[in-house]
Amino acid sequence: MTSLPPVPAPLADLAVVIRSGVVESRHLGSIAALAADGSVAWQTGSGEQILPRSTVKPVQALACLIAGADIDGAELAIAAGSHTGEDVHVEVVREMLTRAGLDDAALGCPVDWPEDEPTRERLIRAGEQRSRVRMNCSGKHAAMLLACAVNGWDTATYLDPAHPLQQLVRATLERLSGETVAHDAVDGCGAPLFSVSPLGIARLFRALVTAEPGTPERRVADAMRTHPRFVGGDHHANTDAMLRVPGLLSKGGAEGVIGMATADGAAVSMKILDGNPRATTLVALTVLEALGADISSAGDLVDLPILGGGVPVGSIEVGGDVRAWLDAPAASAAP
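Cut-offs used in this document
Residues numbered from 1 in each chain as written. Predicted model: local features only at pLDDT ≥ 70, side-chain atom pairs only at ≥ 80, totals over all residues. Heavy atoms only, no water. Core = buried A, V, L, I, M, F, W, Y, C linked by side-chain atoms within 4.5 Å. Buried < 20%, exposed > 50% of the residue type's maximum accessible area, 1.4 Å probe, protein only. Contact = heavy atoms within 4.5 Å. Pairing = 2+ DSSP bridges. Helix = DSSP H or I, 4+ residues; strand = E, 2+ residues; numbered from the N terminus. Axes fitted to C-alpha atoms, helices over the stretch in contact; angles between N-to-C directions. Parallel < 35°, antiparallel > 145°, perpendicular 65-115°, else oblique. 1 Å grid on protein atoms, 1.4 Å probe; cavity = no way out; pocket = protein on both sides within 12 Å on 5 of 7 lines; lining within 4 Å. Points joined across faces, edges and corners; volume = space filled by probe spheres on them. Nonpolar A, V, L, I, M, F, W, Y, C, P; charged D, E, K, R; others polar. Left-handed = near helix turned anticlockwise from the far one by under 90°. Arc of directions from axis to C-beta.

**Here we look at the nonpolar core**
- Ile-71, Leu-173 and Leu-249 are the most contacted members of the largest nonpolar core, which totals 66 residues.
- Among all residues touching Ile-71, those that are not within four sequence positions of it are Leu-65, Leu-76, Ala-79, Met-96, Arg-99, Ala-143, Leu-146 and Arg-219.
- Leu-248, Val-287, Leu-291 and Val-322 belong to the second-largest nonpolar core, a separate cluster that totals 36 residues.

**With respect to the pairing of strand E9 (residues 304-308)**
- Relative to strand E10 (residues 311-318), E9 runs antiparallel, the two sharing five bridges. Along E10, the bridge assignment pairs Ile-306 with Gly-314.

**A short note on the packing of helix H7 (residues 198-210) against helix H8 (residues 216-226)**
- Contact geometry for H7 and H8: axes closest at 7 Å, N-to-C directions at 90 degrees. With respect to H8, the axis of H7 lies roughly perpendicular. Contact residues: Ala-207, Leu-208 and Val-209 in H7; Glu-217, Arg-218, Ala-221 and Arg-225 in H8.

**Quick word on empty space enclosed by the protein**
- According to the stated counting rule, one finds one cavity of 30 Å³ or more in the structure shown.
- Looking at the largest cavity, its volume works out to about 50 Å³.
- Every residue lining the largest cavity is listed: Val-56, Val-59, Gln-60, Val-169, Leu-173, Pro-192, Leu-193 and Phe-194.
- Those elements giving two or more residues to the lining of the largest cavity turn out to be helix H1 (57-66), helix H6 (164-177) and strand E5 (192-194).
- A per-class count over the lining of the largest cavity returns seven nonpolar, one polar and no charged.

**Some remarks on the packing of H1 against helix H5 (residues 138-151)**
- For the pair H1 and H5, the least separation of the axes is 9 Å and the interaxial angle reads 20 degrees. Here H1 lies roughly parallel to H5, going by the angle between them. Handedness of the crossing formed by H1 with H5: left-handed. Within the contact between the two elements, H1 uses Lys-57, Gln-60 and Cys-64 and H5 uses Lys-140, Ala-143, Met-144 and Ala-147.

**Overview of unusual backbone geometry**
- Even without glycine at this site, Arg-53 takes up a positive phi of about 50 degrees.
- In the Ramachandran plot, His-235 falls in the positive-phi region, its phi being about 65 degrees despite a non-glycine side chain.
- Among the structural elements, His-235 can be located in the loop between H8 and helix H9 (237-244).
- Classification of His-235 by relative accessible area gives exposed; the value is 75%.

**Overview of helix H11 (residues 320-327)**
- All of the buried residues in H11 are Val-322, Trp-325 and Leu-326. In an axial view of H11, the angular spread of the buried residues amounts to 100 degrees, which keeps them on one side of the axis.

**Some thoughts on the pairing of strand E6 (residues 249-253)**
- Taken across its five residues, E6 has five buried, putting it largely inside the fold.
- Burial along E6 is two-sided: Leu-249, Lys-251 and Gly-253 facing one way and Ser-250 and Gly-252 facing the other are all buried.
- Pairing of E6 with strand E7 (residues 257-261) involves five bridges; the strand directions are antiparallel. Counted as the bridge partner of Ser-250 is Met-260 from E7.
- The hairpin turn running from E6 into E7, its antiparallel successor, is three residues long, and Glu-255 in that turn takes a positive phi close to 65 degrees.

This is the structure we're talking about:
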């Protein structure tokens, strides 16, 4: 039997699920928050690195931009996003592939159904099959292929960790996070995945929103905030958060990871230990509110009912450690 490493500690009680007055579940994890001036406002856990999954897609998109890929607007947003596979998303992905002289077959991501339910049902009724272009990471892969084509790099091996583009992704992540990658892995879409701590993620999100206008870093942040429907899709948490909270940059990833930053430089990142992302947006927005963000338009992103028989019987709320931090003098004194 494979021996497992110990559970990282200390962990914070980040969210609680209450059903009919009974605590049904708790979500423990690590969190890091930066004040607008870049100082650490709150940090829990041991500071060990995690696998950030799609939360670092903005860094991968930035690397493509630095490498010379001619992408902006919706193309840059979808390169940094996890789209829901709607027709408008497919059109943008294929436009990038066309400019690279490639087609859907060049995509290295696996085939999948679109996450958007109406689109998925329509395709199934039409007798279509899963495809690479509908997979939520195809925008990132298309941008990577375009960056390779511009530089004359091999497109068949673009997912090899030793490929020049992936080495640039790694270097960009290390530069923005201020950390050295400790672990190499493979993401669900097949792309190389480099580890970083929650604090490193908060730093890199802050770096994107505070960069000078026109720089590659700021272009990524601005594209995502200007075209949030290409970062996710209709009724997607990342999209809705950026539509409702002016100036917010938001990108979640699989296994309960998220990064957010406000226009003034406050940032937060977390990893939910059990991998369930249902409370990440709630917790992140609540922390940013304590740091000065106006989340009054967030609505159902922070009001999360638990249903029984189709009617509310409880709620998902921030956990005890979040409440304690909110009540602490340092948090209550935030501007």
